[in-house]
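A look at the structure
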Amino acid sequence: MWDDFKAFIARGNVLDLAIAVILGAAFGSVVKTFTDGIVMPFVGLFTGGIDFKDKVINLGDMPVSTPQQIEAAIAAKQPLIMYGQLINDIINFLIVAFIMFLIARYAIKLFKGLEAASPPTDEAVLLGEIRDILKSK
């Protein structure tokens, strides 16, 4: 069993996954800073300065008309439906998804360009010759 576990850990896929998770966490903080510090101010400008985070539906008896009152209600475990935070999270998700789309799109174009620029391998040449022979029959 120990040998099977060592073989599982030593496989490249597990190491690749671990690296991807660590890089994803680090990239997540960069994207969060980008969205909170650069994109969200523009969203606030277009929405007239509305801060969605402060939008709540109060199910308790404490007043929640200011951010300080909302924090106090949260600390007092008052029932609040924080739909504004959901709106913020959806906007952040859309921004992150769009940025990842742009990165993936650029990477695909870059790899296609590198693939086209590299000479074909011996195996590719051999497979091409086999294909041509089969077509001629």
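Please refer to the structure higher up on the page.
Every value quoted in this text rests on a predicted model; they were computed, and no experiment measured them.

Before going further, it helps to spend a moment on the overall build of the chain. In terms of helices and strands, the chain carries five helices and two strands. The helix and strand sequence of the chain, counted from the amino end, reads α-α-β-α-β-α-α. Expressed as lengths along the three principal axes of its C-alpha atoms, the size of the chain is roughly 85 × 50 × 30 Å. Per-residue burial for the chain yields a buried fraction of 14% across its 137 residues. Excluding contacts between residues fewer than 6 apart, the proportion of contacts in the chain whose partners are at least 24 apart in sequence is 51%. As displayed, the chain has an accessible area near 11000 Å², and 71% of this comes from carbon and sulfur atoms. Positive and negative side-chain charges of the chain, numbering 12 and 14 respectively, have mean locations separated by a distance of 6 Å.

The next thing to look at is unusual backbone geometry. With a phi close to 60°, Lys-77 is a non-glycine residue in the positive phi region. Note that Lys-77 resides in the loop between helix H3 (67-75) and strand S2 (80-81).

Let us look at the layout of surface pockets. By volume, the largest pocket amounts to about 170 Å³. If you trace the largest pocket, you find it lined by Asp-36, Met-40, Val-43, Gly-44, Ile-50, Asp-51, Phe-52, Lys-53, Gln-85, Asn-88 and Asn-92. Contributions of two or more residues to the lining of the largest pocket are made by helix H2 (12-46) and helix H4 (83-117). It is H2 that contributes the most residues to the lining of the largest pocket, four residues altogether. In terms of residue class, the lining of the largest pocket is built from four nonpolar, four polar and three charged.

For the rest of this paragraph, the subject is the side chain of Gln-78. Within the fold, Gln-78 resides in the loop between H3 and S2. Here the side chain of Gln-78 touches Asp-61 through a polar contact of 3.2 Å, landing on its backbone nitrogen. For Gln-78, the contacting residues outside a window of four places in its chain are Gly-60, Asp-61, Met-62 and Ala-73.

Moving on to the nonpolar core. By size, the foremost hydrophobic cluster in this structure holds six residues: Val-39, Met-40, Phe-52, Ile-91, Ile-95 and Ile-99. Contributing elements (two or more residues each) for this core: H2 and H4. Among the elements that make up this core, the one with the highest residue count is H4 (three residues). Aside from chain neighbours lying at most four places away, what touches Val-39 is Phe-34 and Ile-95. Formed by five residues, the second largest nonpolar core is a distinct cluster that contains Val-56, Val-64, Ala-73 and Leu-80.

Taken together, the side chains of Phe-34, Ile-38, Phe-42, Leu-45 and Phe-46 make up a nonpolar region of the molecular surface, amounting to roughly 580 Å² of accessible area. Locating Phe-46 in the fold gives a position in helix H2.

This part covers the pattern of salt bridges. Going through the model one piece at a time under the given rule, you end up with one salt bridge. Residue Arg-131 pairs with Asp-132 through a salt bridge whose shortest N-O separation is 3.4 Å. Overall, the relative accessible area of 46% leaves Arg-131 in the partly exposed class.

Conventions we followed
Residues numbered from 1 in each chain as written. Predicted model: local features only at pLDDT ≥ 70, side-chain atom pairs only at ≥ 80, totals over all residues. Heavy atoms only, no water. Helix = DSSP H or I, 4+ residues; strand = E, 2+ residues; numbered from the N terminus. Buried < 20%, exposed > 50% of the residue type's maximum accessible area, 1.4 Å probe, protein only. Contact = heavy atoms within 4.5 Å. Areas by Shrake-Rupley, 256 points an atom, 1.4 Å probe, with all protein chains shown as cover. Lys, Arg positive; Asp, Glu negative; His and termini not counted. Charge placed at Lys NZ, Arg CZ, Asp CG, Glu CD. 1 Å grid on protein atoms, 1.4 Å probe; cavity = no way out; pocket = protein on both sides within 12 Å on 5 of 7 lines; lining within 4 Å. Points joined across faces, edges and corners; volume = space filled by probe spheres on them. Nonpolar A, V, L, I, M, F, W, Y, C, P; charged D, E, K, R; others polar. Polar contact = N/O pair within 3.5 Å; in protein donor to acceptor, adjacent residues only side chain to side chain. Core = buried A, V, L, I, M, F, W, Y, C linked by side-chain atoms within 4.5 Å. Patch = residues over 30% accessible without salt bridge, like charges linked within 9 Å, V, L, I, M, F, W, Y side chains within 5 Å. Salt bridge = Lys/Arg side-chain N within 4 Å of Asp/Glu carboxyl O.

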